[in-house]
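Summary of structural features
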Amino acid sequence: RILTEPFVADEYIERLVWRTPGGGSRGGPEAFDPKRLLEEFVNHIQELQIMDERIQRKVEKLEQQCQKEAKEFARKVQELQKSNQVNFKSKIASKYHDLECQLIQEFTGAQRRGEISRMREVAAVLLHFKGYSHCVDVYIKQCQEGAYLRNDIFEDAAILCQRVNKQVGDIFSNPETVLAKLIQNVFEIKLQSFVKDQLQECWKSDAEQYLKSLYDLYTRTTNLSSKLMEFNLGTDKQTFLSKLIKSIFISYLESYIEIETETGYLKSRSAMILQRYYDSKNHQKRSIGTGGIQDLKERIRQRTNLPLGPSIDTHGETFLSQEVVVNLLQETKQAFERCHRLSDPSDLPRNAFRIFTILVEFLCIEHIDYALETGLAGIPSSDSKNANLYFLDVVHQANTIFHLFDKQFNDHLMPLISSSPKLSECLQKKKEIIEQMEMKLDTGIDRTLNCMIGQMKHILAAEQKKTDFKPEDENNVLIQYTNACVKVCAYVRKQVEKIKNSMDGKNVDTVLMELGVRFHRLIYEHLQQYSYSCMGGMLAICDVAEYRRCAKDFKIPLVLQLFDTLHALCNLLVVNPDNLKQVCSGEQLANLDKNILHSFVQLRADYRSARLARHFS
């Protein structure tokens, strides 16, 4: 019998007690017997234990059977589910796909009709579909239809993004993501393809056009990126846009500075500019410093005044061209600009230094240094007659070029290396180059001054007559100063003017002082070759006065002082013997060595008279 009432232990024990004889507690046919009741309890417990074991075995058997049937049932259910899924989840997918396609078609049509509100409704529905990204792709694709009609793809892209930026917030719930995806599409597909086509046209065949195109395309791309920075593209739009630019240009920028591109082009272009110039002069460049006998002679001649053969006739050509220099500097300037724009920041100082070394090679060594060497070789020996001195023209042009070179160094190279170790390297290289040039300029100027003095010697030797200072007729001298003096002064004034025009700053004073000192020494030694009558002495004083006026053009106090003293010495040639001691003790002559004074007195024609010798002693 199946018990429907719940089991209550107290009631069960109570019933057992009442059924057991002697189990009653209030009297009855039999008195209460605890032993009998205990025995009944023990027997009944044993029966319950046996019954429990039997029931437990039956339960375990039923459980095992149930588990087996449950597994079989689960297997059948799983098979049915799989079968149902294939049939059901496919019908759903088909319906889902059809609905998604209909929504996208509806979105596409609304976009073409310009119905922003409908586009927004459909996009909101598609937001919960997997095809939402496809909706965005369709929007991006249709946005670009007819967007690239101008010749400027970068301007077209900027206008497109500005237009989309104004409407994308009215359509999508995540406008910054959609706009960023549009920009990514423009960069990775449209711009990348355009850049590749443009650069492949001139790669290998035209290095100049390739570099110009690379610089232009990179600049226009970064400018476009700057315009796009005003839009909301998410959290880190700077990094986002930088990565897009890098994805387009990384393959070109990695090898930008190498031989095939920037440095290779700059070298070939610089060499062509120089060669074109020398060809225009019908000049075949000499080999400098080859170690041959001729070069050895030339170098010895440059450092001495030994006549080791004729100098090289340059026919007045300096072999320096400001046009060439401007072209070289312009090419280098453009290279620095490309370097600044196209180099990775970590590579910028090193790349800029490589460009600088090319400038030094072709401008400073191949052009300026070659012109200096050629100019030095063209300086005649100091004893040459009617020598044409062109080295000062070389000095003048070299100074101008140095200024241009220094300006480019400061304006275009310094900003690229100022905060790197390459700064000291560049400054040291520049210092070495300038010192080398200055040494050659100093050598050439010194030898040119020697040639000037040599020319003055030739003039004096040809024009100065002994009778100039000892005329046959003392009473019939009609000239203010001698013809030799006139020609020497004219020559000196011309050279002074040339020096002033060829140099600047302290260099002018330094060179003029050196020329003035040598000019004074020449006149001093020249005057001591003659004997002077009274009228001849007066003429010598007039000559020295003219030399002194010429010396004023130098504007060098020391030179003027030397000629003032020489003028005072010439007074010893005409002063009355009785006044010799007084004149010698005058302000300008008092500090001179007595032998110098004596040497001038000895030049007087009347020196051997006892009266003059007595007064001077």
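Residues numbered from 1 in each chain as written. Predicted model: local features only at pLDDT ≥ 70, side-chain atom pairs only at ≥ 80, totals over all residues. Heavy atoms only, no water.

**A closer look at the packing of helix H11 (residues 322-342) against helix H12 (residues 348-378)**
- Where H11 contacts H12, the axes come no closer than 10 Å and their chain directions differ by 175°. Overall, the two elements H11 and H12 adopt an arrangement that is roughly antiparallel. Contacts between H11 and H12 involve Val 324, Val 325, Leu 328, Leu 329, Thr 332, Ala 335, Phe 336, Cys 339 and His 340 from the former and Leu 348, Asn 351, Ala 352, Ile 355, Phe 356, Leu 359, Phe 362, Leu 363 and His 367 from the latter.
- For the contact of H11 with H12, the class distribution of residues is 14 nonpolar, four polar and no charged. (Axes fitted to C-alpha atoms, helices over the stretch in contact; angles between N-to-C directions. Helix = DSSP H or I, 4+ residues; strand = E, 2+ residues; numbered from the N terminus. Parallel < 35°, antiparallel > 145°, perpendicular 65-115°, else oblique. Contact = heavy atoms within 4.5 Å. Nonpolar A, V, L, I, M, F, W, Y, C, P; charged D, E, K, R; others polar.)

**Focus: the pattern of salt bridges**
- Under the definition given, this model contains 31 salt bridges.
- For Glu 72, the salt bridge is made with Arg 75, and the minimal N-O distance between the two is 2.3 Å. With Glu 72 and Arg 75 both in helix H2 (residues 34-113) and three residues apart, the pair spans about one turn of that helix.
- Looking at Arg 75, the relative accessible area reads 38%, which means it is partly exposed. (Salt bridge = Lys/Arg side-chain N within 4 Å of Asp/Glu carboxyl O. Buried < 20%, exposed > 50% of the residue type's maximum accessible area, 1.4 Å probe, protein only.)

**Brief notes about a nonpolar patch on the surface**
- Residues Leu 48, Met 51, Ile 55 and Val 59 make up a contiguous nonpolar surface patch of about 300 Å² in total accessible area.
- Examined against the element boundaries, Leu 48 turns out to sit in helix H2. (Patch = residues over 30% accessible without salt bridge, like charges linked within 9 Å, V, L, I, M, F, W, Y side chains within 5 Å. Areas by Shrake-Rupley, 256 points an atom, 1.4 Å probe, with all protein chains shown as cover.)

**Examining the UniProt feature "coiled-coil region" (unreviewed entry) in the chain**
- UniProt's entry tags residues 45-83 with the feature "coiled-coil region" (unreviewed entry), counted in the numbering of this structure.
- Secondary structure across residues 45-83 comprises 100% helix and 0% strand; the distance between its end C-alpha atoms is 55 Å. (UniProt positions renumbered as here; feature names shortened; annotations may be inferred.)

**As for the side chain of Asn 399**
- Here Asn 399 shows up in helix H13 (residues 391-417).
- Residue Asn 399 is classed as buried on the basis of its relative accessible area, which comes to 13%.
- Of the polar contacts made by the side chain of Asn 399, one reaches the backbone oxygen of Ser 502; its length is 3.2 Å.
- Setting aside residues no more than four positions away along its own chain, Asn 399 makes contact with Ser 502 and Met 503. (Polar contact = N/O pair within 3.5 Å; in protein donor to acceptor, adjacent residues only side chain to side chain.)

**Things to note about unusual backbone geometry**
- Here the phi dihedral of Phe 319 falls at roughly 60°; this positive angle occurs in a residue that is not glycine.
- Relative to the assigned elements, Phe 319 resides in the loop between helix H10 (293-303) and H11.
- A residue is classified by how much of its surface remains accessible, and Phe 319, at 6% relative accessible area, is buried.
- Phi angles above zero are rare outside glycine, and Lys 555 is one such case at about 60°.
- Its location among the elements puts Lys 555 in the loop between helix H17 (534-552) and helix H18 (557-570).

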